[in-house]
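Letter by letter, the chains look like this.
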Amino acid sequence: MSTQAPVLMIIAPLIASIFITLIGWFRPKFSHPIAVISLLISSIASIQVFQMVLSNGPQQYFLGNWPAPFGIEYVIDHLNSLLLVTISVVATLVALYAKRSVEKELPDKLANYYTLFVLLVTGLLGISITGDAFNLYVLLEIAALTSYALIAFAKGRSLMATFNYVMMGSIGACFYLLGVGYLFIKTGTLNMTNLSQILVSLHMSQAVLVGFVLIILGMWVKMAFFPVHGWLSNAYTYAPTASTCLIAPLMTKVSVYVMIRVMTSVFSTEYVFNHLSWHLVVVAMASVAILVGSMMALSQRDLKKCMTYLVVAEIGYMVGGAWLGNPAGMTGATYHIIADAAMTACLFMAVGCIIYKHGHTSLDTMKGIFRKMPLTMLGFVVGMLSMIGVPPTCGFFSKWYLISGAIEAGQWHFMLALLFSSLVNAIIFFRIIEIGFFGSLGSETPDPHEHQDVAVKEAPLSMVLPMLVVAGALIGIGIYTSDIISLVIQPLISATF
Amino acid sequence: MWHPVLILSIALAAAFLILLTGERRENLRESWTFIAGGIMLYGLFQLLPGVLNGQILRHSVLNVFPNVDIAFWVDPFGLLFAFIAVGLWIPTSLYSIGYMRPLKEHAQTRYFACFAIAISATVGVAFSANLFTLYLFYELLSLSTYPLVAHHQDAQAREGSRKYLTYLLGTSIGLALPAMILVYGLTGTLTFSEMGVFGGGISAGLQVSLLLLFLFGFAKSGLMPFHSWLPGAMVAPTPVSALLHAVAVVKVGVFSVLRVLTGIFGIDLLAGSHLSTIACIIASITLITASLIALTQDSLKRRLAFSTVGQLAYIILGCSVASIVGVQASMLHIAMHAFGKITLFFCAGAIFVATGKKYISQMVGLGKQMPWTMLAFFIGSLSVIGLPPTGGFISKWYLIMGALDADKVWVVVVYLVSSILNAAYFLPIVYRAFFCSDEDSQYKDEVKEAPLPALIPPLLTASGCLLLFYYHDTLFKLAQLAVGG
Amino acid sequence: MLQELIASYNYIIVVVIMMIGLWAMLAKQNLIKKCIGMAIFQTGIILFYISMGAKKGSTLPILEHAHDGAHHAVVAAHYANPLTQILMLTAIVVGVATLGVALTLAQKVYQQNRSYHEDKILEKLSK
């Protein structure tokens, strides 16, 4: 292959991490520009790769020119090309957004913070691009280790939350590694393409079954799928603003990607849905995940915490969609990876802006917030509308495909769970609007004139602008749904079903 | 070249300009509304000849799913509805000025901007060529009217607006959306067509469930038991109640139901199965119950609200009998009821501005102090009851003809009973306002008519009610073109 | 059946080790013990990989006749599978790093709350 874009996209942030450490030691203020530049390079490379995939089909890249089964292979097909663009672009925007917020929250640790920041992005991009099962484990742990540190930066309550996250994250990764070991025993290879070719003849093997189960379980722990979702909420809530904005949209979504990759590329839908046929149990679990996530979100008094439980519910969307066992569901799940990454990013960025101004996000601070921070709330409203699933935001379209998939598969409970979650999101949204309009929930006689003359106190432009870009993207993704589906997801679906 | 997208974006542009102009230059701010309304009305008139010649303008903006676009068309029914919405927006804006300024309401910029967005959404619903586009604008309308309902920002407004959104969003997401996805899954299309989209192969049980999902899913149409958002939303300022809850929002509800019944199910399917009867029964129950409840209300606006619930059921009932004349009549009734009900709301608001009174029991003898207002009120009530010489008579006449055409005599009985109830809850108000001895009158000489901007609009729409009795040819032509040709 | 179990005794031992580690991670209250559990779990996996690559009578996967290796055919049975060992070198590095992070966090938590006991810490935090 002539172009080096696939490796450039990984190398740029990796090398930047070294430079940030070196230069940032003496000149901390340089660390932010270096991070942004490296992520920009990464974004441009990923867009270039995306265009190549669109015009020429799936691409392969052999690291160090070692051929496939021996060396590590990068495979970029339709499934991950768009994910790579999403990761790099969201990361770039969050990096821009992070500047003021990190300066405020962690003024004396700029260099350390941005080093870890770009390393995390390296890990996430690597997970998505690699075609090697063991390489994936290593990158998974790189991403995990950096995210532990990024969360623990906040001190205080985040430490204990991170410790739990470390325990659960390690268990997840170990399960994955163990599962890969089982597959390795049976096949003698770690290359995913190679694995899938050999596994075709091994469908009856118990060891392969155990390997599959372990890998999927590991990923479920990593993505905080019900019932192993407990670690997520606290870890994300108490993390520094910028860390949540980066980790919440991308980390769990990448785990979902790995699950779908294993289900469709390493194994086959034939194996997962026809041979095993316990996918309906998983869909039921997904329904419960959505219900539990929504209920927990509803009962929170703190906006950020409430959002973290919405993430748990959204994971249920994607796992359920992927396991419905029909093209519509898989389409919905894949599309929702992109849509949800943008949605979560938008919401957490808006929440971050509020934290920047108020220091916390208990629901009572939302009083008069629309007048105080109109731009922030504009982004929040768009994000929330997408969560509810109001057209033309992208959240509507993923819900559309997931519900069609549920109907096609006859999984009515999944459909009801999706609708329930939409309604709960609507309630959460309007509760905040209500507080914005009427003041705190408890007060019996809200006074409309009380907050008429509140001056506009918006978060800095460097935070608001990236958020608004993401909010615009929510509508943009929604409008271009049919293109995304037909160009990117359809080839994948037709190859797997 | 006039175009549905252009027309609805004029209102959006107006909203934007209103926000830009802001609170300080209020005359300039309000003039945007009138300019936009004028241009839109002109545009609609430009579209009229083509539609009357039987052309249907179609325009697809964007493809979203296979076979589903964000698409618009200008069909007779949609045009008729757009005429009503835009046409009544202009007097309502005038009225808003007369209502909001004397009462020194806060946040008027937000108010007028949301109003413009709501009109834009209404026009969008009117011109939607498929269910998906309709749903999109339907949701936009729910969201953009929320700040209007919550306008006062006090405890009562909180209750009302909470109910408003719970009912509207809850039903549209919980019922209408799955129904829409089901239809798409079964047929692969959502485009309205006179023959319906189902063809043959849908089981009766599925048809009935879809019918129920759609009827209750579009809760803006106020069918019981999903009606109680409407009286709740009466906490809004009166101009809002007038336009949105007598014209735009509720009519969008029935418009959507009519579109689904005629364009998704198709009249033939309705007439040829039990679906028609089921829909008729649901509508009839709402019709009678709402009229009975209206009798018991003392707050004038609440009485009007329950009257609206009943009249909306008329429209759905007219369509549900599934005869050509019935459907035409229900389309006509959308227009007639709009003029009548908006007049009544205008009068209620004018009374409130002039006297500060909200309750019917406080209005004895008011006719002598506010003769013009009460005259308009009288004409409006006649139209809603369906007595000549008002437009309401025409549409009710055809409604009954439609029911007879479909051999549903019991529906005729329902119509008549309800009309008597309508008379029973409206006429006493007028009677006691005009004919009472001076001792009984609660008003001595101190009360005057409301200021002119609040007085002219009800007189305008009241004369509209009268004129429609004589000049309803174009409207009827549109309704005829819309069904059966 | 018994034959099979005895034949693959190494795997059984590995599974037992892993379960001990997992149990400690999940059930122990003391943060340091959790860390120890994690280390045991990871070691179990490393042993699992190593034992799958091992062969009876084989030696380290380093070619003895490297200087003139071309003259001798390499007999695969004489050497352990090098791939698993290399993989585990990486896994050990990852494991050490994770353990380091976990221990650091445990230490920080202790400095903050003066306790390693999970319940006591949570009790303190919820105040």
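**Quick notes on the packing of helix 12 (residues 300-320) of chain B against helix 17 (residues 409-434) of chain B**
All names here are of chain B. Contact geometry for helix 12 and helix 17: axes closest at 12 Å, N-to-C directions at 160 degrees. Taken as axis vectors, helix 12 and helix 17 run roughly antiparallel relative to one another. In this structure, helix 12 meets helix 17 at a crossing whose hand is left-handed. Residue-level inspection shows Leu300, Arg303, Leu304, Ser307, Gln311, Tyr314, Leu317 and Gly318 of helix 12 in contact with helix 17, the latter providing Val411, Val414, Tyr415, Ser418, Ser419, Asn422, Tyr425, Phe426 and Ile429. Looking at the contact of helix 12 with helix 17 residue by residue, the class counts come to 10 nonpolar, six polar and one charged.

**Quick notes on the interface of chain B and chain A**
Between chain B and chain A, the residue contacts involve 35 residues of the former and 34 residues of the latter. Carbon and sulfur atoms make up 76% of the area that chain B and chain A hide from each other, which totals about 3,000 Å². For the chain B face of the interface with chain A, the top three residues by lost area are Gln153, Arg158 and Ile181 of chain B, together amounting to 23%. Applying the counting criterion to the chain B and chain A interface returns zero salt bridges. One can count one residue pair in polar contact (both at pLDDT 80 or more) joining chain B with chain A. Contributions of two or more residues to the side of chain B that touches chain A are made by strand 1 (57-65), helix 5 (131-149) and helix 6 (155-187) of chain B. In terms of residue count, helix 6 of chain B provides more of the side of chain B that touches chain A than any other element does, 16 residues in total. Along the lines of polarity and charge, the residues of the side of chain B that touches chain A split into 23 nonpolar, seven polar and five charged.

**Here's the deal with the pairing of strand 2 (residues 68-74) of chain B**
Residues and elements named next belong to chain B. Of all seven residues in strand 2, six are buried, a share of seventy percent or more. Direction of pairing for strand 1 relative to strand 2: antiparallel, over a ladder of seven bridges. Considered in strand 2, the bridge of Phe65 is made with Val68. The turn joining strand 1 and strand 2, which pair antiparallel and follow one another in sequence, is formed by two residues; a positive phi near 75 degrees is taken by Asn67.

**Quick notes on the arrangement of the chains**
A comparison of contact numbers over the two pairs of chains in contact places chains A and B at the top. A gap remains between chain B and chain C, with no contact made and the closest C-alpha atoms lying 34 Å from each other.

**Describing empty space enclosed by the protein**
Under the definition given, this model contains four cavities of 30 Å³ or more. One number sums up the size of the largest cavity: a volume of about 50 Å³. Every residue along the wall of the largest cavity is listed here: Tyr137, Cys174 and Leu177 of chain A together with Gln42, Ile45, Ile46, Ala91 and Gly95 of chain C. Mapped onto the lining of the largest cavity, the elements with two or more residues apiece are helix 6 (157-187) of chain A together with helix 3 (31-53) and helix 4 (82-113) of chain C. Considering only residue class, the lining of the largest cavity consists of six nonpolar, two polar and no charged. Taken as a whole, the second largest cavity holds about 40 Å³ of empty space. Forming the walls of the second largest cavity are Ala133, Tyr176, Val180, Leu183, Met192, Leu195, Ile215, Val262 and Val266 of chain A. Within the residue set of the lining of the second largest cavity, elements represented by two or more residues are helix 6, helix 7 (192-199) and helix 10 (241-266) of chain A. It is helix 6 of chain A that provides the largest number of residues to the lining of the second largest cavity, a total of three residues.

**Describing the interface of chain A and chain C**
Counting from both sides, the interface comprises 29 residues of chain A and, opposite them, 36 residues of chain C. Buried surface at the junction of chain A and chain C, both sides included, amounts to about 2,800 Å², of which 85% is carbon and sulfur. Between chain A and chain C we count zero salt bridges in total. Our count for the contact surface shared by chain A and chain C stands at two residue pairs in polar contact (both at pLDDT 80 or more). If you list the elements that add at least two residues to the side of chain A that touches chain C, you get helix 5 (133-152) and helix 6 of chain A. In the side of chain A that touches chain C, the residues fall into 21 nonpolar, five polar and three charged.

**Thoughts on the nonpolar core**
Ranked by internal contacts, the top residues of the largest apolar core, which has 420 residues, are Met259, Trp323 and Trp400 of chain A together with Phe132 of chain B. The leading source of residues in this core is helix 14 (residues 327-358) of chain A, at 20 residues. Those residues in contact with Phe132 of chain B that lie beyond four places of it in its chain are Pro391, Phe396, Phe397 and Trp400 of chain A together with Val64, Phe65, Val68, Asp69, Ile70, Met180 and Leu190 of chain B.

**A word on unusual backbone geometry**
Between Pro391 of chain A and the following residue, Pro392 of chain A, the backbone shows a cis peptide bond with an omega angle of 5 degrees. Examined against the element boundaries, Pro392 of chain A turns out to sit in the loop between helix 16 (374-388) and helix 17 (394-409). Omega for the peptide link from Pro388 of chain B to Pro389 of chain B comes to 5 degrees, which places this bond in the cis form. Summarising the element assignment, Pro389 of chain B is placed in the loop between helix 15 (371-385) and helix 16 (391-405). One non-glycine residue with positive phi stands out, namely Ala322 of chain B, at about 65 degrees. One can find Ala322 of chain B in the loop between helix 12 and helix 13 (324-355). A positive phi angle, near 60 degrees, is found at Arg114 of chain C, a position not held by glycine. Among the secondary structure elements, Arg114 of chain C is positioned in the loop between helix 4 and helix 5 (118-125).

**Side note on helix 11 (residues 269-276) of chain A**
Residues and elements named next belong to chain A. Within helix 11 the residues assigned to the buried category are Thr269, Tyr271, Val272, Phe273 and Leu276. Structurally, helix 11 contributes buried residues whose contacts are with helix 8 (206-223), helix 10, helix 12 (279-298), helix 13 (303-323) and helix 20 (481-496). Positive backbone phi, approximately 50 degrees, marks Ser277, located one or two places after helix 11.

**Examining the packing of aromatic side chains**
All names here are of chain A. Taken as a whole and assessed by the stated rule, the structure comprises 51 aromatic pairs over all chains. With a centroid separation of 5.3 Å and an interplanar angle of 50 degrees, the aromatic rings of Tyr113 and Phe153 are classed as tilted. Here Phe153 lies in the loop between helix 5 and helix 6 and Tyr113 lies in helix 4 (residues 110-129), a separation of 40 residues in the sequence. One exposure class covers both Tyr113 and Phe153, and it is buried. Between Phe212 and Trp278, the ring centres sit 6.4 Å apart and the planes meet at 50 degrees, which makes this aromatic pair tilted. In this pair, Phe212 is assigned in helix 8 and Trp278 in the loop between helix 11 and helix 12, connecting sequence segments 66 residues apart.

**Comments concerning the environment of Phe378 of chain B**
Residue and element names in this part refer to chain B. Mapped onto the elements, Phe378 comes out in helix 15. With relative accessibility at 31%, the residue Phe378 sits in the partly exposed group. The spacing of Phe378 and Ile429 is 51 residues in sequence and 9.0 Å in space, taken between C-alpha atoms.

Reading the values: the criteria
- Residues numbered from 1 in each chain as written.
- Chains lettered and ligands numbered in written order.
- Predicted model: local features only at pLDDT ≥ 70, side-chain atom pairs only at ≥ 80, totals over all residues.
- Heavy atoms only, no water.
- Axes fitted to C-alpha atoms, helices over the stretch in contact; angles between N-to-C directions.
- Helix = DSSP H or I, 4+ residues; strand = E, 2+ residues; numbered from the N terminus.
- Parallel < 35°, antiparallel > 145°, perpendicular 65-115°, else oblique.
- Left-handed = near helix turned anticlockwise from the far one by under 90°.
- Contact = heavy atoms within 4.5 Å.
- Nonpolar A, V, L, I, M, F, W, Y, C, P; charged D, E, K, R; others polar.
- Buried area = accessible area lost by both parts, 1.4 Å probe.
- Salt bridge = Lys/Arg side-chain N within 4 Å of Asp/Glu carboxyl O.
- Polar contact = N/O pair within 3.5 Å; in protein donor to acceptor, adjacent residues only side chain to side chain.
- Buried < 20%, exposed > 50% of the residue type's maximum accessible area, 1.4 Å probe, protein only.
- Pairing = 2+ DSSP bridges.
- 1 Å grid on protein atoms, 1.4 Å probe; cavity = no way out; pocket = protein on both sides within 12 Å on 5 of 7 lines; lining within 4 Å.
- Points joined across faces, edges and corners; volume = space filled by probe spheres on them.
- Core = buried A, V, L, I, M, F, W, Y, C linked by side-chain atoms within 4.5 Å.
- Phe/Tyr/Trp six-rings, centres within 6.5 Å; stacked < 30°, edge-to-face > 60°.

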